[in-house]
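The lines below spell out each chain.
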Amino acid sequence: MRRKLALPLALVAAVSVAATACTSSSSSGGSAGQETGGTAKAASSVTDYNPQPYENLKDGGTYTTAGTFDEQGNPFNVNGTLNTLRIWSWYNADAITYSPAGEVQYNPDYYSDVKVSVEGGDQKVVITINPKAVFNDGTPIDWRAIEATWKANNGSEKEFAASSTDGYDRITSVTRGADDKQAVITFKGVNAAWSALFTTFLHPQAATVENFNKAYVKTAHPEWGAGPYTVGTWDAQSGNITFVRNPNWWGRKGKLDKRVYVNLERAASINAFKNGEIDYAPVGDAENLKQVRTVKDAEVRSGGSPFEYALYLNTKSPLLGDIQVRKAVQESIDRAQIAKIRFQGLDYNEALPGSAVLYSFQGGYQDNVSAVLKHDPEDARKTLDAAGWKPGADGIRTKDGKELQLGYTLLGDDPIEKGVAGAFAAMLKAVGVKLEINKVSSNEFSKVLSERRFDLFISGNRSTDPFGARYLCDFYCSDRESNITGAGTPELDREIRATGDIADLGEQIAAVNKLEQKALQQHALLPLYSGPSIYGLRKGLANVGATIFHSPLPETIGWQK
């Protein structure tokens, strides 16, 4: 799938680690992200999720968490979020997953055989689909599903609001193989990250423009799905969802009788966990961690996750259209202080992130942010002076009779996020910028992004595969909807897209590092932190927790014998 699945900071209770490393993970060690003596080394690569084989799970039971559906339920759509993908995965195909360290894992219930070859410099992938595989409406899962997914996402039809065309646009054809149950995918050049394109797929009927964009809005289509579970109830009024065993499933049956999402606000989820109403609760701050530790028959699991959070500057806003103002804003931000606020009481420390696409324990990672930008309030003042912004009597700068006032969009009422917003306001005030904090409801997240209703905004992104370099365009191309800052140039776009022609991953990463430094000079995106993933869980819950890249198959989630 795609890497850039956006999520609002205020809706994610855990401070989560961005991890696109292909290194081995560990389930032991000291405080996540620390070396001896507390010196930050990297984002955490620790896993903690009680991994258990299928045979070790009880048959039956219910697994309940806080959660609900988002407005857009199609994860291929540009408005799809992390939560969209999570809900989707409970009643649609999980055909390719990754180990915690990023190794590719083919699910034989869907892809019974995969062969990759290079002929004349072009890559060919032959996927043989399980003969038993069928969508819930009786339509065979065959090469047409792979073709439909490609056509909806390759950018050839602009009407499809696709999240990312990268990779799909390098496929020259998807054709029938030896029979309908074999798909032959041909690429222009070599694409080492091809597996990320077909981790799941669309029912051909869902791959029309109308259905791709609108059919999944605030509703589900279990008839177009497949897997060990299907939708039991989807309550549009309450927001609650129940998944039950799928009678049409041909593989190992799900161990759970029910998987339940209860629509609760973040603050209420901790109390619900304490009261035994839900089985899992992300922990985002020291107070929640303290409360979870007091819950009987519960435990805390802590480790890394493939998340990263950044400050986005809207270049389409009148004042932020000036690159010098953006530069000054970024120079005024003390990222270490913001991280300190986020991690307070969590016994965690990490090096500041240096990239939006490559991470500190990934091979080839470089600190591209520090190569371009330093925390330097004095230089920020000089930059604003040179741009004609003069301090007024109250310290706030003016130019042509207009105050240098920016807005910060704050989702929800989480106290830590309020603290972060207050810190931003103080940092900017010190250089003569007034920051107005605009609080909006958490459920406005999609509109904030799609309509660019912000000057400054924090959002996180989750890596759903270990191929970070392939997503450079999603963050920095000027013509990409997923680039919510609106920054970039056609020339830079061409240079970024050219990195996709580099077959050698090491050479590609080197080129991506160079271009990211160039892109960061637009001063529109500022990586802030990654962090730990911390969860409270009922004892005995298996294959749930901090998994880095691993997404355990739904049928393997349940209660340990």
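Residues numbered from 1 in each chain as written. Predicted model: local features only at pLDDT ≥ 70, side-chain atom pairs only at ≥ 80, totals over all residues. Heavy atoms only, no water.

Caption draft 1: Molecular detail of the overall build of the protein. Each helix and strand counted, the protein has 14 helices and 24 strands in total. Relative to its length of 561 residues, the protein is compact, with a C-alpha radius of gyration of 23 Å against a globular reference of 24 Å. When the backbone C-alpha atoms are referred to their principal axes, the protein occupies close to 75 × 60 × 50 Å. Here the protein, with 561 residues, has 58% of them falling under the buried criterion. A separation threshold of at least 6 residues defines the contact pool for the protein, and within that pool the share at least 24 residues apart is 74%. Put simply, the protein shows about 21400 Å² of open surface, and 48% of that area lies on carbon and sulfur atoms. Looking at the protein, you have 60 positive and 65 negative side-chain charges, and the mean spots of the two groups are 2 Å apart. (Helix = DSSP H or I, 4+ residues; strand = E, 2+ residues; numbered from the N terminus. Rg over C-alpha atoms; globule rule 2.2 N^0.38 Å. Buried < 20%, exposed > 50% of the residue type's maximum accessible area, 1.4 Å probe, protein only. Contact = heavy atoms within 4.5 Å. Areas by Shrake-Rupley, 256 points an atom, 1.4 Å probe, with all protein chains shown as cover. Lys, Arg positive; Asp, Glu negative; His and termini not counted. Charge placed at Lys NZ, Arg CZ, Asp CG, Glu CD.)

Caption draft 2: Structural context of the state of the cysteines. Enumeration over the complete set of coordinates arrives at one disulfide. With a sulfur-sulfur separation of 2.0 Å, C473 is cross-linked through a disulfide to C477. With the S-S dihedral at roughly -110 degrees, the linkage between C473 and C477 falls on the left-handed side. Residue classification places C477 among the buried positions, given a relative accessible area of 0%. (Disulfide = S-S within 2.5 Å.)

Caption draft 3: Spotlight on the sheet that holds strand β16 (residues 397-399). As summarised here, the arrangement of the three strands in space is β15-β16-β17, forming an open sheet in which the pairing is antiparallel. The strands lining the two open edges of the sheet, one partner per strand, are β15 (390-391) and β17 (402-403). Two elements, β16 and β17, share two bridges in a ladder whose sense is antiparallel. Directly across from K399, in β17, lies its bridge partner K402. (Pairing = 2+ DSSP bridges.)

Caption draft 4: Region of the structure containing the packing of helix α13 (residues 490-498) against helix α14 (residues 505-520). In contact at an axis separation of 10 Å, α13 and α14 are set at 160 degrees when each is read in the N-to-C sense. Taken as axis vectors, α13 and α14 run roughly antiparallel relative to one another. The two elements α13 and α14 meet at a crossing, and its hand is left-handed. Touching E491, L492, E495 and I496 of α13 are L515, K518 and A519, all from α14. For the contact of α13 with α14, the class distribution of residues is four nonpolar, no polar and three charged. (Axes fitted to C-alpha atoms, helices over the stretch in contact; angles between N-to-C directions. Parallel < 35°, antiparallel > 145°, perpendicular 65-115°, else oblique. Left-handed = near helix turned anticlockwise from the far one by under 90°. Nonpolar A, V, L, I, M, F, W, Y, C, P; charged D, E, K, R; others polar.)

Caption draft 5: Expanded view of unusual backbone geometry. The residue R452 is not glycine, and still its phi comes out positive at about 50 degrees. Residue position: R452 is located in the loop between α11 (445-450) and β20 (456-462). Positive phi is not limited to glycine here, since I548 has a value of about 55 degrees. One can find I548 in the loop between β23 (541-542) and β24 (558-559). With a relative accessible area of 3%, I548 lands in the buried category.

That is the geometry; function is a separate question.
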